[in-house]
Amino acid sequence: MLFRSRGAARGAVVVLCSDGWERGDPTLLGDQVARLARLAHAVVWVNPHRGKPGYEPVTGGMVAALPHIDRLVAGHSLAALEELVRIIAAA
């Protein structure tokens, strides 16, 4: 992920949908999410594994991104996506 468009994120609620299994250098992902977080109103990360019992965000991508996101939410069901809509609406 390489973030280039400043105008698209300024003041927006940005929703990223990923499992966080970064194949490249997680440091680059962390740097780009940090940059995005400085521009956006809020960064919400939707992870399909978040709703599974015992899930821990320990993959390299998630560890790198976590300090820069506002919310880490599940994305594994319709109920989880309904919760995402409520989070976006409240932001």
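This is a predicted model, so every value here is computed, not measured.

How each quantity is defined
Residues numbered from 1 in each chain as written. Predicted model: local features only at pLDDT ≥ 70, side-chain atom pairs only at ≥ 80, totals over all residues. Heavy atoms only, no water. Core = buried A, V, L, I, M, F, W, Y, C linked by side-chain atoms within 4.5 Å. Buried < 20%, exposed > 50% of the residue type's maximum accessible area, 1.4 Å probe, protein only. Helix = DSSP H or I, 4+ residues; strand = E, 2+ residues; numbered from the N terminus. Contact = heavy atoms within 4.5 Å. Salt bridge = Lys/Arg side-chain N within 4 Å of Asp/Glu carboxyl O. Expected span 1.5 Å × (residues − 1). Polar contact = N/O pair within 3.5 Å; in protein donor to acceptor, adjacent residues only side chain to side chain. Pairing = 2+ DSSP bridges. Axes fitted to C-alpha atoms, helices over the stretch in contact; angles between N-to-C directions.

Observations regarding the nonpolar core
Core analysis: the largest hydrophobic core is formed by 13 residues, its most contacted members being Leu-16, Val-33, Val-43, Trp-45, Ile-69 and Leu-72. Looking at this core, the elements with two or more residues in it are strand 1 (13–17), helix 2 (26–39), strand 2 (42–47) and helix 3 (60–65). Per-element tally for this core: the top contributor is helix 2, with three residues. Filtering out sequence-adjacent residues up to four positions away, Ile-69 remains in contact with Val-33, Val-43 and Trp-45. Listed in part, the five residues of the second largest apolar core include Val-44, Val-46, Val-73 and Ile-87.

A look at the pattern of salt bridges
Enumeration over the complete set of coordinates arrives at one salt bridge. Among the ionic pairs, Glu-83 bridges to Arg-86, the shortest N-O distance being 3.1 Å. With a gap of three residues between them, Glu-83 and Arg-86 both fall in helix 4 (residues 78–90), about one helical turn apart. Classification of Glu-83 by relative accessible area gives partly exposed; the value is 33%.

Some remarks on helix 2
Between its terminal C-alpha atoms helix 2 stretches 20 Å, which fits the 20 Å expected from 14 residues at 1.5 Å a residue. Two or three places before Thr-27, at the opening of helix 2, Asp-25 has a side-chain oxygen 3.0 Å from that residue's backbone nitrogen.

Some words on the sheet that holds strand 1
Strand order across the open sheet formed by three strands is 1-2-3, with parallel pairing between neighbours. A strand with exactly one partner marks an edge of an open sheet, and here the two such strands are strand 1 and strand 3 (71–74). Each neighbouring strand pair of the sheet contributes to a mean axis angle of 25 degrees, computed without reference to strand direction. Bridge count for strand 2 against strand 3 is four bridges, and the pairing is parallel. For Val-44, the partnering residue across the bridge sits in strand 3 and is Arg-71. Strands in contact with helix 2 are strand 1 and strand 2; relative to strand 2, the strand with the most contacts, it is inclined by about 135 degrees. Relative to strand 3, helix 4 is tilted by about 150 degrees, and along the sheet it contacts strand 1, strand 2 and strand 3.

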